[in-house]
Structure formats: C-alpha cells, structure tokens
Amino acid sequence: MTPGLAASTALLTFTRALNLALGILVIPLTIHFLGGEGFASWAILLSCATVFSQLEAGMPIALVRHLAIPVEKGDRSEIDRMASTVFGFGLAIYLVFLPIVAWTARPLANWVRLPACGLFTPAGAVIFVFVVVALRSFLQYGTRALYASRDFRSV
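Predicted, not measured: the structure shown is a model, and the values here were computed from it.

Thresholds applied
Within each chain, residue numbers correspond to sequence positions counted from 1 in written order. Note on the predicted model: pLDDT of at least 70 is required for a residue's local features to be given, and 80 or more for side-chain atom pairs to be given and counted; whole-chain, interface and lining totals, by contrast, use all residues. Values shown for side chains rest on all heavy atoms present in the structure; no hydrogens or waters enter the calculation. Any two rings among Phe, Tyr and Trp, with Trp reduced to its six-membered ring, count as a pair given centres within 6.5 Å; such a pair is stacked if its planes are under 30 degrees apart, edge-to-face if over 60, and tilted if neither. Lines are fitted to the C-alpha atoms to define the axes, a helix being fitted only along its stretch in contact, and any angle between axes, read from their N-to-C directions, falls within 0 to 180 degrees. Runs of H or I in DSSP of at least four residues are treated as helices and runs of E of at least two as strands, each being numbered from the N terminus. The labels follow the angle: roughly parallel below 35 degrees, roughly antiparallel above 145, roughly perpendicular from 65 to 115, and oblique for the rest. Residue contacts follow a heavy-atom distance rule, with two residues in contact if any of their heavy atoms lie within 4.5 Å. Note on residue categories: nonpolar means Ala, Val, Leu, Ile, Met, Phe, Trp, Tyr, Cys or Pro, charged means Asp, Glu, Lys or Arg, and polar means any other residue, Gly included. By salt bridge we mean one thing: a side-chain nitrogen of Lys or Arg within 4 Å of a carboxyl oxygen of Asp or Glu.

Colleague: I'm lost on the packing of aromatic side chains in this one. Help?
Modeller: Where two aromatic rings form a pair, the distance of their centres and the angle of their planes describe that pair. Under the defined criterion, the tally for this structure stands at six aromatic pairs. Cluster of aromatic residues (ring-pair linked, three or more members): Phe 52, Phe 87, Tyr 94, Phe 130 and Phe 138.

Colleague: I tried to follow the packing of helix α2 (residues 59–73) against helix α3 (residues 76–111) on my own but got confused; where do I start?
Modeller: Helix packing for two helices is described by the angle between their axes and how far apart those axes are. At their nearest, the axes of α2 and α3 sit 9 Å apart, and the two run at 170 degrees to each other. Here α3 runs roughly antiparallel to α2, going by the angle between their axes. Across the interface between the two elements, Met 59, Leu 63, His 66, Leu 67, Pro 70 and Val 71 of α2 pack against Glu 78, Ile 79, Met 82, Ala 83, Val 86 and Phe 89 of α3. Tallied by class, the residues present in the contact of α2 with α3 amount to ten nonpolar, one polar and one charged.

Colleague: I'm lost on the pattern of salt bridges in this one. Help?
Modeller: Oppositely charged side chains are able to pair whenever their charged atoms sit close together. Considering all chains together, one arrives at three salt bridges under this definition. Of the charged contacts in the structure, one is a salt bridge between Glu 56 and Arg 136, with a shortest N-O distance of 3.3 Å. Here Glu 56 is found in the loop between α1 (3–53) and α2, whereas its partner Arg 136 is found in helix α4 (residues 122–149), with 80 residues between them in sequence. For Glu 78, the salt bridge is made with Arg 81, and the minimal N-O distance between the two is 2.6 Å. Remark: Arg 81 and Glu 78 occur in helix α3; sequence separation between them is three residues, near one turn of the helix.

In structure tokens, the structure reads:
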C-alpha cells in the first residue's frame, strides 16, 4: 500500500469513527432539548429523509464516474450531455414521486402518529422533508461534478 493511500484510508476511517461517536453522543442532548415527542418526530422525519434519498438511485456517484474522463479531455459537449441527462433523470424521478408522497403523507403521518411540527401539519412535514431531500439531491450534482474534475480545492 502506498503511503498516500494509507494516509487517505486512515483519515477516512478516523472521520467515519468520529462521526459515529459524535452521533451517539448527541442523542441524549437531542432528547433533552427536543423532549420525548420532539425527538420521536425528528427520528421519524429523519427516517423519511433516508427513504426519500434512495430515489437518487446513485446518480450523483454515477455522475462522478462518467464525468471524470470528459472533464479530463475537456469535452464540453459530453459534459453538458451527461449533466443534463443526470439532472433530467433526477428531476423526473422526484416529480413522479411527489404526487405519490403527497397522496400518502397523511395516512403515513397518522400511521406513525406524527404530531404537528411547529409550522407544519404532520402530512405537511413529510412533504416538506421530501422536497428538501430532492433539493439536496440536485445540489449534490454540483458538488460531485467538482469531485469529477478533481479541482475541488481550487474551486
């Protein structure tokens, strides 16, 4: 194993372990500040966000893989074609699922007994989380394109 690869692997392992440890340590603080019902609502909505993020279907990662060579070659037309394909596919997926989520949000919120969340009704909170996850997915395309160009630091 090369020294650079070993250092990168060690750094990745350390950051993942630190992330896991901090996540576990934050749970009691979150329960303390949100209370039992607030923490339960947060956990349910976080679970919904995890499920909704699966609709990305690996597109941000695929974008990195398939953009790296055209970026290296400076093939602007291929970069534009791939980026628009990925963006269009992601948009189509989320637009197809938006009415399904809107239609099932109320029964889902009732089934898990999600309480009202400040500004949102229980069903409105589920729909809001779906929209935010979709927006995050599209923002990831830009970040992943930077990774593909291997120019993240300079940008």
